Amino acid sequence: MRFRLAKKNLFLLVCVSLAVWTLLLSTRALSVSERQGANGSLQRWRVEVGGSLPQLTASIHSANHQQLVGNAHKFPSEPELVVVVQVHEAPQHLRLLVESLEKAAQVHKFLLVFSHDFFSAEIHAIVQGVTFCKVLQIYFPFSTQLFPTEFPGQDPRDCRRNTSRENARRSGCLNAEHPDVHGHYREAGVTQRKHHWWWKLHFVWERVKVMQGYDGSVLLLEEDNYVLPDLFHFHTAMVALKKSSCQDCDLLALGSHQDRSNFSNHVSTGWMSTKTSVGLVLDRDVYYKLMGCAKDFCTYDDYNWDWTLQHLSGSCLSKPLKVLAAQGARVLHTGDVEPDVASQKVEEVLEMAKDGLFPPSLVLGASEAAHLNTQVKNGGWGDVRDHVLCRNYAKLL
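Read on for an overview of the structure.

## Regarding the state of the cysteines
Turning to step 1, where the next piece is worked out: Applying the stated criterion across every chain yields a total of four disulfides.
Turning to step 2, where the next piece is worked out: The residue that forms a disulfide with Cys-293 is Cys-316, at a sulfur-sulfur distance of 2.1 Å. Sign of the S-S torsion, about -95° for the bond between Cys-293 and Cys-316, identifies this disulfide as left-handed. Highlighted residues: Cys-293 in the loop between α9 (284–291) and α10 (294–299) and Cys-316 in the loop between α11 (305–313) and β9 (323–326), separated in sequence by 23 residues.
Turning to step 3, where the next piece is worked out: Residue classification places Cys-293 among the buried positions, given a relative accessible area of 3%.
Turning to step 4, where the next piece is worked out: Of the residues examined, Cys-316 reaches a relative accessible area of 28% and is grouped as partly exposed.
Turning to step 5, where the next piece is worked out: Bridging Cys-298 to Cys-390, the disulfide has an S-S length of 2.1 Å. Taking the sign of the S-S torsion, about -65° here, the bridge from Cys-298 to Cys-390 comes out left-handed. Remark: Cys-390 occurs in helix α13 (residues 384–391) and Cys-298 occurs in helix α10; sequence separation between them is 92 residues. As far as burial versus exposure is concerned, Cys-298 and Cys-390 are alike and both buried.

Right, dumping it as structure tokens:
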């Protein structure tokens, strides 16, 4: 009897132990799954990027569909500012940008969206290191990386850039009838940036699930930007000034390509693509205005998205774009120098800027005349295939 009882107790003990062990394993697996679900699996990406192109393509489409938001459990509140970074293939500059964002005041109130047209494990690891706010990665699904030998990448049957139209016709290359305004044929690497910029607007405003119901603005950055610590403070002050004193302003510009030594609290109005296209901020209403000019944007023969906006400002839009621009830039452009030099330069800028950061109020200066459509087309966007793809993004999302 005692033997039977001992045997029964041993059996129960084994069963309980197995149950506890299974529970522990399940909990650990769930924890790992949750971490991977929130932040992605770097190991999975490494395998796929080193594997086949179809695997990478499938993963990118899956990521765009699932839209897993990293750090959501740490920052459950709704975002007060959505920051969208267009990423290509400059990981060292991207690392500088991420470091600057981490130092920005109130960054925990951001939703940080990285929009990629190139995938690498190094870039993915940089984004995985973001722990200071909500983060989402989206992927441009028509990149040259995903289409290396066919449109919208560079098809070997395409005409070469400097081929004359006569020779192009004679050779029978695919786009012989569609050179740009300067007589050159498309280069996929050149057209991609404008494609990506336009697709990104569609996807962010129409398809990003976590932004459903969001009535704030979107700050557009690029991988070779650097933000100052009072970015959110200055943005908030500019939004308030726009509501009170510049209600007909369409965009905010937090950065500039010009002098970096001025960090005053002054802002001005006006629009010029070569000056006020860094750190643009737009809301949903302006997005819809731009979408109303989709045909003009997608067919204008200039590979630069900002020069194309300049064209829309003087043609399609009912009135020229009006921009409220920071005279003391809060977004710097670092892509004109090597990353190590850029790092040194931003340290110098921060030292100069320290006494002008977090101004208690902003001063609206004199308005600058809006520059209308007087610039020469840069070309690079004459191929009708680019026009058609660009105009169909809304249908292809």
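## Side note on the environment of Val-130
Turning to step 1, where the next piece is worked out: With respect to the helices and strands, Val-130 occurs in the loop between α5 (121–128) and β3 (134–139).
Turning to step 2, where the next piece is worked out: Each C-alpha atom of the pair Val-130 and Leu-101 lies 9.4 Å from the other, and the pair is 29 residues apart in sequence.

## Concerning the sheet that holds strand β4 (residues 218–222)
Turning to step 1, where the next piece is worked out: The strand order across the open sheet formed by nine strands is β3-β2-β1-β4-β8-β6-β9-β7-β11, and the pairing between neighbours is mixed. Either end of the sheet is taken by a strand with one partner, and the two such strands are β3 and β11 (363–364).

## So, the packing of helix α7 (residues 188–206) against α13
Any two packed helices are characterised by the angle at which their axes cross and by the distance between the axes.
Turning to step 1, where the next piece is worked out: Two numbers describe how α7 lies on α13: the axes approach to 10 Å, and their chain directions differ by 15°. Considering the angle they form, α7 stands roughly parallel to α13. Where α7 crosses over α13, the two elements pack in a sense that is right-handed. Note on element contacts: α13 touches α7 through Asp-386, Leu-389 and Cys-390, opposite Thr-191, His-195 and Trp-198.
Turning to step 2, where the next piece is worked out: Taken together, the residues of the contact of α7 with α13 break down into three nonpolar, two polar and one charged.

## Some remarks on the nonpolar core
The tendency in soluble globular proteins is for nonpolar side chains to be buried side by side.
Turning to step 1, where the next piece is worked out: Ranked by size, the top nonpolar core spans 45 residues in total, and within it Trp-198, Met-211, Leu-290, Phe-297 and Leu-309 carry the most contacts.
Turning to step 2, where the next piece is worked out: With seven residues, α7 is the single largest residue contributor to this core.
Turning to step 3, where the next piece is worked out: Excluding residues within four positions of it along the chain, Phe-297 makes contact with Lys-194, Trp-197, Trp-198, Trp-305, Thr-308, Leu-309, Leu-312, Trp-381 and Cys-390.
Turning to step 4, where the next piece is worked out: Core analysis: the next-biggest nonpolar cluster, separate from the first, contains 40 residues, Cys-133, Val-135, Leu-241 and Leu-324 among them.

## Topic: unusual backbone geometry
Glycine aside, residues mostly have negative phi angles, and peptide bonds mostly take the trans form.
Turning to step 1, where the next piece is worked out: Each neighbour pair has its own omega, and for Phe-151 with Pro-152 the value is 10°, a cis peptide bond.
Turning to step 2, where the next piece is worked out: Topologically, Pro-152 is positioned in the loop between β3 and α6 (165–171).
Turning to step 3, where the next piece is worked out: Within the chain, Gln-106 stands out as a residue other than glycine whose phi angle is a positive 65°.
Turning to step 4, where the next piece is worked out: Looking at the element boundaries, Gln-106 is found in the loop between α4 (91–102) and β2 (110–116).
Turning to step 5, where the next piece is worked out: Classification of Gln-106 as partly exposed rests on a relative accessible area of 35%.
Turning to step 6, where the next piece is worked out: Look at Phe-358: it is not a glycine, yet its phi comes out positive at around 55°.
Turning to step 7, where the next piece is worked out: Considering the arrangement of structural elements, one finds Phe-358 in the loop between α12 (339–353) and β11.

## Section: the packing of aromatic side chains
Turning to step 1, where the next piece is worked out: Enumeration over the complete set of coordinates arrives at twelve aromatic pairs.
Turning to step 2, where the next piece is worked out: Seen in terms of ring centroids, Trp-197 and Trp-305 are 4.3 Å apart; in terms of plane orientation they differ by 5°. Their pairing is stacked. Taken together, the residues Trp-197 in helix α7 and Trp-305 in helix α11 connect sequence positions 108 residues apart. Neither Trp-197 nor Trp-305 differs from the other in exposure class; each is buried.
Turning to step 3, where the next piece is worked out: One aromatic cluster is present, formed by Phe-140, Phe-142, Trp-199, Phe-203 and Tyr-393 through successive ring pairs.
Turning to step 4, where the next piece is worked out: Sitting over the ring of Phe-297, Lys-194 keeps its end group 5.0 Å from the ring centre.
Turning to step 5, where the next piece is worked out: The ring of Trp-381 is capped by Lys-194, whose NZ or CZ atom sits 4.4 Å from the centre of that ring.

## Things to note about the side chain of Ser-115
Turning to step 1, where the next piece is worked out: In this fold, Ser-115 is placed in strand β2.
Turning to step 2, where the next piece is worked out: When its relative accessible area of 0% is taken as the criterion, Ser-115 is described as buried.
Turning to step 3, where the next piece is worked out: With residues near it in sequence (within four places) discarded, Ser-115 still touches Val-84, Val-85, Gln-86, Val-87, Ile-138, His-196, Trp-199 and Lys-200.

## Things to note about the pattern of salt bridges
Turning to step 1, where the next piece is worked out: For the structure shown, the criterion picks out 16 salt bridges.
Turning to step 2, where the next piece is worked out: The residue Asp-386 makes a salt bridge to Arg-186 at a minimum N-O spacing of 2.9 Å. With a gap of 200 residues between them, Asp-386 in helix α13 and Arg-186 in the loop between α6 and α7 connect regions that are remote in the sequence.
Turning to step 3, where the next piece is worked out: A relative accessible area of 0% means that Asp-386 is categorised as buried.
Turning to step 4, where the next piece is worked out: Residue classification places Arg-186 among the buried positions, given a relative accessible area of 4%.
Turning to step 5, where the next piece is worked out: Measuring nitrogen to oxygen at the nearest pair gives 2.9 Å for the salt bridge that ties Glu-222 to Arg-193. Note that Glu-222 is positioned in strand β4 and Arg-193 in helix α7, a separation of 29 residues in sequence.
Turning to step 6, where the next piece is worked out: One connected set of salt bridges, linked through shared partners, spans Asp-158, Asp-383 and Arg-385.

Rules behind the numbers
- Residues numbered from 1 in each chain as written.
- Predicted model: local features only at pLDDT ≥ 70, side-chain atom pairs only at ≥ 80, totals over all residues.
- Heavy atoms only, no water.
- Disulfide = S-S within 2.5 Å.
- Helix = DSSP H or I, 4+ residues; strand = E, 2+ residues; numbered from the N terminus.
- Buried < 20%, exposed > 50% of the residue type's maximum accessible area, 1.4 Å probe, protein only.
- Pairing = 2+ DSSP bridges.
- Axes fitted to C-alpha atoms, helices over the stretch in contact; angles between N-to-C directions.
- Parallel < 35°, antiparallel > 145°, perpendicular 65-115°, else oblique.
- Left-handed = near helix turned anticlockwise from the far one by under 90°.
- Contact = heavy atoms within 4.5 Å.
- Nonpolar A, V, L, I, M, F, W, Y, C, P; charged D, E, K, R; others polar.
- Core = buried A, V, L, I, M, F, W, Y, C linked by side-chain atoms within 4.5 Å.
- Phe/Tyr/Trp six-rings, centres within 6.5 Å; stacked < 30°, edge-to-face > 60°.
- Lys NZ or Arg CZ within 6 Å of the ring centre and 35° of its normal.
- Salt bridge = Lys/Arg side-chain N within 4 Å of Asp/Glu carboxyl O.

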